[in-house]
Amino acid sequence: MGGDVSRIQAQARVDRLRVFLDQLAELERDGILQLTEEQRAKVAEHHQATVARLAAQFDIDTTDSERQLSWGMRIASTLGAVALCIAVALFAARFLGHLRPPMQLAILGATPLLLLACAEYAARRERSLYFTGLLAMIAFAAFVVDLELAGRIFSLAPTTNALLAWGAFALALAYHYSLRLPLATGLVCLLGWTLIRHLYPWWFWEEGDAERVIVAGAGIALAPLLLPHGNRPEFPAVFRLVGWAGMFLAFAVIALDGRSALLSTWDRSDTRLVYQYAALLVAAAVIWLGIARRWSETVDAGSVAFVLFLLIRLGNWLWDDIPKYLFFFLVGAIGIALLLVFRRLRTRLAVAQ
Amino acid sequence: MKPNGLHIAAAVVVVSNVYVAANVARNRGAGPESELTLTECELHMNPPDSDNSFASARIVAEISGKRFDEAQLRDLGFDLSARHERAREVFLALEYAGKTWEEWASIAPDAYYMTGMPEEQRIAIRRGTNTKLFAIDAALDPAVLRARHPNRRQVMILRGRVRMTKESASKTYGTIDGLARLEIDVPSPLSKRLIGAQPGCRYEVGAGNSMRIVEPRFRVTVRTGSRYEPWIESLEYK
């Protein structure tokens, strides 16, 4: 489904036209440029015709109020998707137990397929894909419920490959409809698959688990460099956000817990120290990469991680040694210093863009 | 027709469900690997309710007391020289009312709430209100485990995990983390028999400190198949 690419390009064109008209009006107000009535009418006519043509072809926002409404629709469809996913799970728990196991398995397997058909039906009838996205996420939830309940009903040996199947399902839908929520869901499933070695009723964090997520998170964040998304320009940012978030969470776990497979012979306090410094360095590197590549979400993720790890380090250094008020004064002062640094970085990023 | 994301998503659903069905058929198709008749003491029943129509039986097995020595840990694939090893997936032998249970049940417990109770009474409570299912052995190969414990009506093999613990440089032992699946589904219509029933396998203290053991209400036949996955074959009131 390549329609969404054209929609994004059409939206960008309309946005550029609006900015151009605003700038033109400002130049005229300042007396730098004066168009004749005829020229002004021609520009306005061209603008209206272009917007009307694109609006007829694609589901785009041509005014600020439309843009705000679109955000509202996006939030509503995401909340609706989450609520309906929970509803699917609770509905299955409420009614399926009354049936015999073969019938249970048949219904569980058929439901995601039926919902896929509904999503495809919706996609062929709407331009905005809000309902398609909603149905795709419900289909995903139905598939999760399918494998989870089938495992419970037949007491199957737990396997993490279920996470792989869920991830593949979500990614296939994300690429088919160019939807970001299923993409993020699929990537989280893949991260979970690298993290969790077994789906037993209990799960302990063990040495090596966090390191796997660090590698997998970085791999996901950098994957778009190897897998170009020319016709889905909004996907690489999702890869990077999910990847960096997973990677820094894993860093945080070792930086606080101190269990690491790489440094298994070290004391946990030394391991914590090493990972806290390593996380700060990596966060700084991620910020640099974001600036160099003009990836604003990467700069944001690196900045948040840098501040968090700095606070963790400061807490370890000073919490027990200085009065608490002084500690928070210090944190505040560092916050202001970082604010100045980030402002300079932002300026550099804006110039680069 | 060129395959697209929708076809891939549908194929993932179909393949996953076929895989599930094939494994269930493989597990149950070749006849039971073991068949044990258990009671509520070994299976805590969770009847269906207004929000959850599924009923389940939680396996209650005494696994915490089982220790594996260094030789057994080596057999289970652990590297004893390593400072830390991840828990390993193994097959566990669970024996019902066997010698291990007999030994355990012959010792009077000294819990604080039993202070003042005669020894016979304490032993009676221990025997009548606790699980008789005890973990007795583990192996990487279930066939090896079955050869060591051939009684298929008394010993059930299930999947679980064993963890290595290094208490000191000279003392290393293994413990059982738990079973792969704690619950067995109670299929319909058997699940309907659980609705409204009062729990058994417990004791009540009456007037004058008199003690009465409430017998288990159910006799449950549990089978495992070729993949060592359990299911409930029958459930009867005693």
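Residues numbered from 1 in each chain as written. Chains lettered and ligands numbered in written order. Predicted model: local features only at pLDDT ≥ 70, side-chain atom pairs only at ≥ 80, totals over all residues. Heavy atoms only, no water.

Moving on: the overall build of chain B. Scanning chain B from terminus to terminus reveals five helices and 13 strands. Across its three principal directions, the C-alpha atoms of chain B cover 80 × 55 × 30 Å. Taken over 238 residues, chain B has a buried fraction of 50%. Considering only residue pairs separated by 6 or more positions, chain B has 66% of its internal contacts joining residues 24 or more positions apart. Positive and negative side-chain charges of chain B, numbering 34 and 30 respectively, have mean locations separated by a distance of 4 Å. (Helix = DSSP H or I, 4+ residues; strand = E, 2+ residues; numbered from the N terminus. Buried < 20%, exposed > 50% of the residue type's maximum accessible area, 1.4 Å probe, protein only. Contact = heavy atoms within 4.5 Å. Lys, Arg positive; Asp, Glu negative; His and termini not counted. Charge placed at Lys NZ, Arg CZ, Asp CG, Glu CD.)

Right, let's get into the packing of aromatic side chains. Within a pair of aromatic rings, the relevant descriptors are the distance that separates the centres and the angle that separates the planes. As enumerated under the stated definition, the model contains 11 aromatic pairs over all chains in all. Both rings, one in F91 of chain B and one in Y228 of chain B, keep their centres 5.2 Å apart while their planes meet at 65°; by these two values the pair is edge-to-face. With F91 of chain B in strand 5 (residues 88–96) and Y228 of chain B in the loop between strand 12 (218–224) and strand 13 (230–237), this residue pair connects regions lying 137 residues apart in the sequence. Each member of the pair F91 of chain B and Y228 of chain B is classed as buried. Of the aromatic side chains, those joined through ring pairs into one cluster are F248, F251, Y275 and F309 of chain A. Sitting above the plane of the F95 of chain A ring, R94 of chain A keeps its charged end 5.0 Å from the centroid. Above the ring of F54 of chain B, the side-chain terminus of R152 of chain A is found at 5.8 Å from the ring centroid. (Phe/Tyr/Trp six-rings, centres within 6.5 Å; stacked < 30°, edge-to-face > 60°. Lys NZ or Arg CZ within 6 Å of the ring centre and 35° of its normal.)

Bringing the pairing of strand 2 (residues 43–46) of chain B into the picture now. Residues in a regular strand project their side chains so that they alternate between the two faces of the sheet. Residues and elements named next belong to chain B. A one-sided burial pattern is seen for strand 2, the buried positions being L43 and M45 and the unburied ones H44 and N46. Of the strand pairs in this sheet, strand 2 and strand 3 (residues 55–59) are connected by four bridges, and their pairing is antiparallel. Counterpart to L43 in the pairing with strand 3 is I59. (Pairing = 2+ DSSP bridges.)

Nonpolar side chains collect at one region of the surface, where L222, L225, L226 and L227 of chain A lie side by side and expose about 400 Å² of accessible area between them. Note on placement: L222 of chain A falls in helix 8 (residues 209–226). (Patch = residues over 30% accessible without salt bridge, like charges linked within 9 Å, V, L, I, M, F, W, Y side chains within 5 Å. Areas by Shrake-Rupley, 256 points an atom, 1.4 Å probe, with all protein chains shown as cover. Salt bridge = Lys/Arg side-chain N within 4 Å of Asp/Glu carboxyl O.)

Counting across every chain of the model gives one disulfide over all chains. What pairs with C41 of chain B in a disulfide is C201 of chain B, and their sulfur atoms sit 2.0 Å apart. Between C41 of chain B and C201 of chain B, the S-S dihedral sits near 115°, and the bridge is therefore right-handed. Here C41 of chain B is found in the loop between strand 1 (34–39) and strand 2, whereas its partner C201 of chain B is found in the loop between strand 9 (183–186) and strand 10 (202–205), with 160 residues between them in sequence. This pair shows no difference in class: C41 of chain B is buried, exactly as C201 of chain B is. Among the cysteines around C118 of chain A, which has no disulfide bond, C85 of chain A carries the closest sulfur, lying 14 Å off. Residue C118 of chain A is classed as partly exposed on the basis of its relative accessible area of 32%. C85 of chain A supplies the cysteine sulfur nearest to C189 of chain A, a cysteine that is in no disulfide, at a spacing of 12 Å. (Disulfide = S-S within 2.5 Å.)

This brings us to the confidence of the model for chain B. Detailed reading of predicted coordinates is not advised where the pLDDT is low. In the predicted model, chain B carries a mean pLDDT of 90, and the fraction of residues at 70 or more is 98%. The complex model carries a pTM of 0.84, and its ipTM stands at 0.88. (pLDDT = per-residue confidence, 0-100.)

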